[in-house]
Amino acid sequence: MATPARRAISSREASTPTDQDRTDITDLIHLHGHLTDDGELDRADELFAPDVIYDLADFGLGSLHGIAAIRTAALALGDANPVGHHVTNIVITQIDDRSARVRSKGIGVKADGTAGSVVYDDVLTRRPDGWRISHRRVTARRAALDEQDAGPRAVLERWRRAAVAQSADDLRDVYALDAVHEFPFTGPGLPSRLAGRDEIVNWITAGWQRHPLKYERYRTLAIHDTDDPGTIVVEQEAVGTSATTGEFALPNLLVLTVQHGRITRLRDYVNLPAAAAAMGGES
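Residues numbered from 1 in each chain as written. Predicted model: local features only at pLDDT ≥ 70, side-chain atom pairs only at ≥ 80, totals over all residues. Heavy atoms only, no water.

Quick look at the overall build of the protein chain
Phase 1 of the analysis: The number of helices and strands found in the protein chain is 7 helices and 12 strands.
Phase 2 of the analysis: Here the C-alpha atoms of the protein chain give a radius of gyration of 24 Å, more than 25% beyond the 19 Å that 2.2 N^0.38 yields for 283 residues.
Phase 3 of the analysis: Projecting the C-alpha coordinates of the protein chain onto the three principal axes gives extents of approximately 75 × 45 × 30 Å.
Phase 4 of the analysis: Out of the 283 residues in the protein chain, the part that is buried amounts to 39%. (Helix = DSSP H or I, 4+ residues; strand = E, 2+ residues; numbered from the N terminus. Rg over C-alpha atoms; globule rule 2.2 N^0.38 Å. Buried < 20%, exposed > 50% of the residue type's maximum accessible area, 1.4 Å probe, protein only.)

Right, here's the structure in full:
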């Protein structure tokens with residue numbers, strides 16, 4: 001008997017979506033976890049169209065093109081692969097006689113017992129040998145439900161917590177992949193613009209190591225709404241201690257823009273003389 005993923009579609013059946021289509025699509029999405037965990041990567045053609053695009057941009061890895069690229073990436077990951085892929089919450093959001101859109105959740109369990117959650121957004125196409133995934137976007141779930149679609153005030157607090165904790169992981173979670181962090185007030189040896197989450201996080205964390213400042217909290221002076229509900233203007237002070245000069249309070253102004261619970265643009269008006277004084281005259 002042919003597997004649901006391999007079930008051939010006759011021309012009569014292809015005319016309109018049926019209950020059997022929904023069953024076959026659901027089984028196909030489930031099959032991904034079994035084949036991956038069993039190491040049967042040579043059967044990936046039962047899941048994916050030959051020209052599949054596998055979008056891993058949310059992880060900073062771009063997109064994989066074609067089944068061979070997916071197989072190579074999985075093998076390269078080696079022991080870092082989860083030992084268990086659990087696919088759940090399958091919802092077929094749109095379907096016609098040629099294509100379907102499917103949203104599901106994935107839980108990956110690693111050998112050390114840690115786990116992570118992702119969302120799969122798939123486009124499936126009907127082929128002579130059955131339904132296949134032609135485009136898959138994988139998005140990590142990095143924040144609680146109330147933070148995924150949080151407004152700028154909630155994201156501001158997450159950004160502040162990451163800075164106080166000096167947590168690179170938390171900082172990475174709060175910026176969008178293509179975020180821009182700008183410094184309208186700048187000086188020699190200082191950037192005026194950082195583009196992309198990696199560049200932003202790398203520069204900020206390097207500063208944590210290089211400079212003697214330790215933020216302890218932020219004091220909000222004022223928050224102003226704008227015509228854009230995703231953008232706020234923040235007047236604040238960063239309060240902490242310097243290994244060189246002792247206690248400090250650094251005033252600055254932020255123009256913060258957020259989409260889908262992450263910072264997409266941050267204009268950071270740093271008070272350079274105050275920062276230099278707190279660092280004992282360092283630039």
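Focus: the nonpolar core
A general tendency of soluble globular proteins is for nonpolar side chains to be buried together.
Phase 1 of the analysis: Of all hydrophobic cores here, the largest spans 32 residues; its most connected members are Trp159, Leu171, Tyr175 and Ile263.
Phase 2 of the analysis: One finds Leu31, Ile67, Ile133 and Val138 within the second-largest nonpolar core, a separate group that totals 25 residues. (Core = buried A, V, L, I, M, F, W, Y, C linked by side-chain atoms within 4.5 Å.)

Observations regarding the pattern of salt bridges
Phase 1 of the analysis: Within this structure, the stated rule accounts for 15 salt bridges.
Phase 2 of the analysis: Ionic pairing is found between Arg43 and Glu46, a salt bridge with its closest N-O pair at 2.7 Å.
Phase 3 of the analysis: Put simply, Glu40, Arg43 and Glu46 are held in one network by salt bridges that share partners. (Salt bridge = Lys/Arg side-chain N within 4 Å of Asp/Glu carboxyl O.)

Things to note about the pairing of strand β12 (residues 262–270)
Phase 1 of the analysis: Two elements, strand β7 (residues 175–182) and β12, share 4 bridges in a ladder whose sense is parallel. Its bridge partner being in β12, Val180 is matched across the sheet by Arg265.
Phase 2 of the analysis: In the sheet, strand β11 (residues 246–259) pairs with β12 via 8 bridges, with the strands oriented antiparallel. By the bridge assignment for β12, Leu256 is matched with Leu266. (Pairing = 2+ DSSP bridges.)

Details of the environment of Ala276
Phase 1 of the analysis: Residue placement: Ala276 occurs in helix α7 (residues 272–278).
Phase 2 of the analysis: In this structure the C-alpha to C-alpha distance between Ala276 and Gly189, which are 87 residues apart in sequence, comes to 13 Å.

Thoughts on the sheet that holds β11
Phase 1 of the analysis: In spatial order, the strands read β8-β7-β12-β11-β10-β9; together these 6 strands make up an open sheet with mixed pairing. Single-partner strands in this sheet number two, and they are β8 (193–195) and β9 (213–225). For this sheet, the mean inter-axis angle between neighbouring strands, taken without regard to orientation, is 25°.
Phase 2 of the analysis: Here β9 pairs with strand β10 (residues 231–242) via 11 bridges, running antiparallel. If you follow Ile223 over to β10, its bridge partner there is Val234.
Phase 3 of the analysis: Contacting β7, β9, β10, β11 and β12, helix α4 (residues 152–165) runs over the sheet at an angle of about 165° to β9.
Phase 4 of the analysis: Contacts between helix α6 (residues 197–210) and the sheet are confined to β7, β8 and β12, with β7 contributing the most and set at about 60° to the helix. (Axes fitted to C-alpha atoms, helices over the stretch in contact; angles between N-to-C directions. Contact = heavy atoms within 4.5 Å.)

Considerations on the environment of Pro50
Phase 1 of the analysis: Note on placement: Pro50 falls in strand β1 (residues 48–55).
Phase 2 of the analysis: Considering only alpha carbons, one finds Pro50 and Val91, 41 residues apart in sequence, at a separation of 24 Å.
Phase 3 of the analysis: The contact partners of Pro50, leaving out residues within four places of it in the chain, are Gly66, Ile67 and Arg127.

Some words on the packing of aromatic side chains
Ring pairs (aromatic) are described by centroid distance and by the angle formed between their planes.
Phase 1 of the analysis: What the rule picks out here adds up to 6 aromatic pairs.
Phase 2 of the analysis: Ring centres 5.8 Å apart and planes at 80° place the aromatic pair Phe48 and Tyr54 in the edge-to-face group. Comparing Phe48 with Tyr54 shows no difference in burial state: the two are buried.
Phase 3 of the analysis: Ring centres of Trp159 and Tyr218 lie 6.0 Å apart, and the angle between their planes is 45°; this geometry places the pair in the tilted category. (Phe/Tyr/Trp six-rings, centres within 6.5 Å; stacked < 30°, edge-to-face > 60°.)

Focus: the side chain of Thr231
Phase 1 of the analysis: Looking at the secondary structure, you find Thr231 in strand β10.
Phase 2 of the analysis: Residue classification places Thr231 among the buried positions, given a relative accessible area of 10%.
Phase 3 of the analysis: Reaching out from Thr231, the side chain makes a polar contact with the side chain of Asp228 at a distance of 3.0 Å.
Phase 4 of the analysis: One polar contact links Thr231 to Thr257, side chain to side chain, over a distance of 2.9 Å. (Polar contact = N/O pair within 3.5 Å; in protein donor to acceptor, adjacent residues only side chain to side chain.)

Read these as layout, nothing more, since geometry by itself doesn't imply function.
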